[in-house]
Amino acid sequence: MMLEVKNLVKEFGGLVANGDISFELQRGEILGLIGPNGAGKSTLFNCIAGYYKPTGGNILFEGKNITGWPPHQVTREGIARTFQGMKIMPNLTVEENVMIGAFCRTGNRQIARKEAREILDLMGLTGEAEALPTGLPIAAQKRIELARAIATRPRLLMLDEMAAGLNPLETKEIIQTLQKIKEERKLTLFLTEHVMEFIMTVSERVIVIAAGKKIAEGPPVEVARQEKVIEAYLGERYAKGR
């Protein structure tokens, strides 16, 4: 078992953002997380990645209880994440941005640079290595953030809204990239997304949360047909299209 979330609760004052959420993530799996705006998806991600300390429950990574660990410790343990609001360093080159991730594992600049270049090649970004990221398209910037996360050498990669702002062709390309890096880097993927065609295509299993509660879990096609999921999020039109 790669990840176990047991009865996770996260409260902000009197607001319950995550209420008694439990699930498991198998090694090598691609798990999707969906739900309407305000459902608690980002809060759940932040609890796992160490940006929020859960109010209750436990998070186990490869059998080790990491509940409440700070982000840097979670990253070194083997969990990396990307952000919906990209955290690219605008005054550093593309290569230097990726090197930041590599410094999680090494203090040697040459080793970090070598690792960054290998990952940029994997991501199809070798030609942009010396460019500043802010001058590049959104799709390229998302790949840079993904490359930096991979440079931390994770075993679990958590992706927040990777397809947001991308056109259909770019979305198809990022799906192909994720499938490629999953195989070549032997990664387990956990992703949250609003673009349904993206998450339903790439995910092997999907969890649905609404109002902070888990309401469904299973293969994408089966989940999309559940009445409670249709009512809470997908809508009749999407379900009929499956």
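Look up: the structure comes first, before these words.
Undergrad: What am I meant to see in a nonpolar patch on the surface here?
TA: The grouping of Phe12, Leu15, Tyr51 and Tyr52 at the surface amounts to a nonpolar patch, some 380 Å² of accessible area in total. When you line up the elements, Tyr52 lands in the loop between α1 (41–49) and β4 (56–61). Owing to a relative accessible area of 31%, Tyr52 belongs among the partly exposed residues under this scheme.

Undergrad: Any chance you could explain the side chain of Thr192 here in plain terms?
TA: One can find Thr192 in strand β8 (residues 188–192). The exposure class assigned to Thr192 is buried, which follows from its relative accessible area of 1%. Those residues in contact with Thr192 that sit more than four places away from it in its chain are Leu33, Lys41, Phe45, Leu159, Asp160, Glu161 and Ile199.

Undergrad: What am I meant to see in the sheet that holds strand β7 (residues 156–160) here?
TA: By definition, the strands of a sheet pair up through backbone hydrogen bonds, in either a parallel or an antiparallel sense. The sheet built from six strands is open, its strands ordered β6-β7-β8-β3-β9-β10 with mixed pairing. Across the chains shown, the open sheet's two edge strands, defined by having one partner strand only, are β6 (79–81) and β10 (213–218). Taking each pair of neighbouring strands and ignoring which way they run, the sheet shows an average axis angle of 20°. Where strand β9 (residues 205–210) meets β10, five bridges bridge the pair, whose relative direction is antiparallel. Across the sheet, residue Ala210 finds its bridge partner in β10, namely Lys213. Against the sheet, helix α5 (residues 138–150) makes contact with β6 and β7, and its axis sits at roughly 155° relative to β7, the strand it touches most.

Undergrad: For this particular structure, what's the right way to read the sheet that holds strand β5 (residues 64–65)?
TA: With antiparallel pairing, the four strands of this open sheet are ordered in space as β2-β1-β4-β5. Every interior strand has two partners, whereas the edge strands, β2 (15–25) and β5, have only one. Inspection of the sheet shows strand β1 (residues 3–12) paired to β4 by five bridges, in the antiparallel sense. Along β4, the bridge assignment pairs Lys6 with Asn58. Against the sheet, α1 engages β1, β2 and β4, with an angle of about 115° to β1.

Undergrad: Please explain the layout of surface pockets as it appears in this structure.
TA: Which parts of space are left empty comes out when a probe the size of a water molecule is rolled across the atoms. The computed volume of the largest pocket comes to approximately 380 Å³. Taken together, the elements giving at least two residues each to the lining of the largest pocket come down to α2 (71–77), β6, α3 (94–102) and α5. No other element matches the five residues that α2 contributes to the lining of the largest pocket. Its residues assigned to classes, the lining of the largest pocket shows 10 nonpolar, four polar and four charged.

Undergrad: Help me understand the nonpolar core, please; the structure alone is not making it clear to me.
TA: Here is a general trend for soluble globular proteins: nonpolar side chains tend to be buried in one another's company. Formed by 49 residues in total, the largest nonpolar core has its most connected members in Ile34, Met123, Leu146, Leu157, Ile181, Leu191 and Phe198. It is α5 that provides the largest number of residues to this core, a total of seven residues. The contact partners of Leu157, leaving out residues within four places of it in the chain, are Ala80, Leu146, Ala149, Ile150, Ile181, Leu187, Thr188, Leu189 and Phe190. The next biggest cluster of nonpolar side chains, apart from the first, holds 25 residues, and it includes Val5, Leu25, Phe61 and Trp69.

Calculation criteria
- Residues numbered from 1 in each chain as written.
- Predicted model: local features only at pLDDT ≥ 70, side-chain atom pairs only at ≥ 80, totals over all residues.
- Heavy atoms only, no water.
- Patch = residues over 30% accessible without salt bridge, like charges linked within 9 Å, V, L, I, M, F, W, Y side chains within 5 Å.
- Areas by Shrake-Rupley, 256 points an atom, 1.4 Å probe, with all protein chains shown as cover.
- Salt bridge = Lys/Arg side-chain N within 4 Å of Asp/Glu carboxyl O.
- Helix = DSSP H or I, 4+ residues; strand = E, 2+ residues; numbered from the N terminus.
- Buried < 20%, exposed > 50% of the residue type's maximum accessible area, 1.4 Å probe, protein only.
- Contact = heavy atoms within 4.5 Å.
- Pairing = 2+ DSSP bridges.
- Axes fitted to C-alpha atoms, helices over the stretch in contact; angles between N-to-C directions.
- 1 Å grid on protein atoms, 1.4 Å probe; cavity = no way out; pocket = protein on both sides within 12 Å on 5 of 7 lines; lining within 4 Å.
- Points joined across faces, edges and corners; volume = space filled by probe spheres on them.
- Nonpolar A, V, L, I, M, F, W, Y, C, P; charged D, E, K, R; others polar.
- Core = buried A, V, L, I, M, F, W, Y, C linked by side-chain atoms within 4.5 Å.

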